[in-house]
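Fold and contact review
Letter by letter, the chains look like this.
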Amino acid sequence: MRFDAITLFPQMFETLSQFGVTRRAHERGLWQLRTWNPRDFTLDVHRTVDDRPFGGGPGMVLMAEPLACAVEAARADACDPGALPSVAPPWVICLSAAGRPLTDARVKQLAGEATRGRGLILVCGRYEGIDQRFIDALVDEEVSIGDFVLSGGEIAAMSLIDAVVRQLPGALKEESVRDESFGNGRLDAPQFTRPESWRGRSVPPVLLSGDHARIEQWRRDHSLERTRRVRPDLLQDDAQDNAEMHLPHEA
Ligand code: SAM
């Protein structure tokens, strides 16, 4: 899969190919990233990418033209038959606190599109944001990674890349992805490892029993209990859940 990031801080993206799951997937050739700095598409000596907002107000706004030139260069490069393979034109996502919240379902759709050859161009804002005319003209989708404001779109774009890469076939063992939070509309059950007793706290005995059916049932029950407590919004059909649920204290 090919990602292109439009960013004033390209070095921030280097960590993705240096650590953990995304590093291994990168080494296996499952994804590639190119960065494009809007400053390289300016024409003045100061390489200006921002200006004051029309109508007044604090801070600066990223100008449309350097961003547009950067996206067009990334798109042309991705569609160049001599470049990295990509069949459909890349989808342009702008990271924005005002975008639609990113969900597990959307991440899986984007990974699915990627396996059919579609790349992603990720536009990272800074300062007070981006001239709306650029968004209207060149962006397919605005995406938020949560109801809070970051200083820039880079960490949001890197979060999106991480989440999509782990869904690419071959990035992780299939069961690791399947059993994760949101996979079945619920949060993951609590996890434990050695030692069996830590600072007076024991591992639930059922997890030491070797009885796979009971362990599976315990995990289902605790996944449901945690989801109810922390994210009741994820549970759409409560009646069905009630029928399924075995109380956690059974462990
Ligand atoms: N004035 C903007 C607002 O109130 O929505 C915030 C701008 S923020 C300081 C600068 C950039 O960070 C944004 O253009 C966007 O690219 C990125 N950003 C901030 N919060 C984000 C979030 N929750 N999700 C995705 N990107 C975010």
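Residues numbered from 1 in each chain as written. Predicted model: local features only at pLDDT ≥ 70, side-chain atom pairs only at ≥ 80, totals over all residues. Heavy atoms only, no water.

**A short note on the overall build of the protein**
In terms of regular secondary structure, the protein is built from 8 helices and 9 strands. Summarising its shape, the C-alpha atoms of the protein cover approximately 70 × 45 × 40 Å along the three principal directions. With 251 residues in all, the protein has 37% of them scored as buried. Split by element, the accessible area of the protein, about 14,700 Å² in all, is 52% carbon and sulfur. Of the charged side chains in the protein, 30 are positive and 38 negative, and the gap between their average positions amounts to 5 Å. (Helix = DSSP H or I, 4+ residues; strand = E, 2+ residues; numbered from the N terminus. Buried < 20%, exposed > 50% of the residue type's maximum accessible area, 1.4 Å probe, protein only. Areas by Shrake-Rupley, 256 points an atom, 1.4 Å probe, with all protein chains shown as cover. Lys, Arg positive; Asp, Glu negative; His and termini not counted. Charge placed at Lys NZ, Arg CZ, Asp CG, Glu CD.)

**Focus on the environment of Glu-225**
Residue position: Glu-225 is located in helix α7 (residues 212-230). Taking the relative accessible area as the measure of exposure, Glu-225 reaches 23% and is therefore partly exposed. On a C-alpha basis, the gap between Glu-225 and Ala-189 in space is 8.7 Å, while along the polypeptide they are 36 residues apart. Of the polar contacts made by the side chain of Glu-225, one reaches the side chain of Arg-229; its length is 2.9 Å. (Polar contact = N/O pair within 3.5 Å; in protein donor to acceptor, adjacent residues only side chain to side chain.)

**Things to note about a nonpolar patch on the surface**
Taken together, the side chains of Phe-148, Leu-150 and Ile-155 make up a nonpolar region of the molecular surface, amounting to roughly 270 Å² of accessible area. Mapping Leu-150 onto the fold places it in the loop between β7 (141-144) and α5 (154-165). (Patch = residues over 30% accessible without salt bridge, like charges linked within 9 Å, V, L, I, M, F, W, Y side chains within 5 Å. Salt bridge = Lys/Arg side-chain N within 4 Å of Asp/Glu carboxyl O.)

**Quick look at the site of the ligand**
Taken together, the neighbourhood of the ligand is formed by 19 residues, with Leu-95, Gly-125, Glu-128, Phe-148 and Leu-150 sitting nearest. Protein chains bury 81% of the 590 Å² of accessible surface belonging to the ligand in isolation. Among the elements of the structure, β5 (91-101) and β7 are those that each provide at least two residues to the shell around the ligand. With 3 residues, β5 is the single largest residue contributor to the shell around the ligand. (Near = heavy atom within 4 Å.)

**Considering the sheet that holds strand β2 (residues 32-36)**
For sheets, the rule is that strands pair by backbone hydrogen bonds, running either parallel or antiparallel. What the 5 strands build is an open sheet, ordered β2-β1-β6-β5-β7; its pairing is parallel. The open sheet is flanked by β2 and β7, the only strands paired with a single partner. The average angle at which neighbouring strand axes cross in this sheet is 35°, direction not considered. Relative to strand β6 (residues 120-124), strand β1 (residues 2-6) runs parallel, the two sharing 4 bridges. When the sheet's bridge partners are listed, Ile-6 is paired in β6 with Val-123. (Pairing = 2+ DSSP bridges. Axes fitted to C-alpha atoms, helices over the stretch in contact; angles between N-to-C directions.)

**Re the domain arrangement of the protein**
The domain boundaries assigned to the protein delineate domain 1 (2-174) and domain 2 (187-249). Domain 1 and domain 2 are separated by 37 Å when their C-alpha centres are compared. (Domains from an automatic or database assignment.)

**Considering the pattern of salt bridges**
Tallying each qualifying case throughout the model produces 14 salt bridges. Between Arg-2 and Asp-4 there is a salt bridge whose closest N-O contact spans 2.8 Å. Note on accessibility: Arg-2 and Asp-4 belong to one class, buried. Between Arg-126 and Glu-154 there is a salt bridge; the shortest N-O distance is 2.9 Å.

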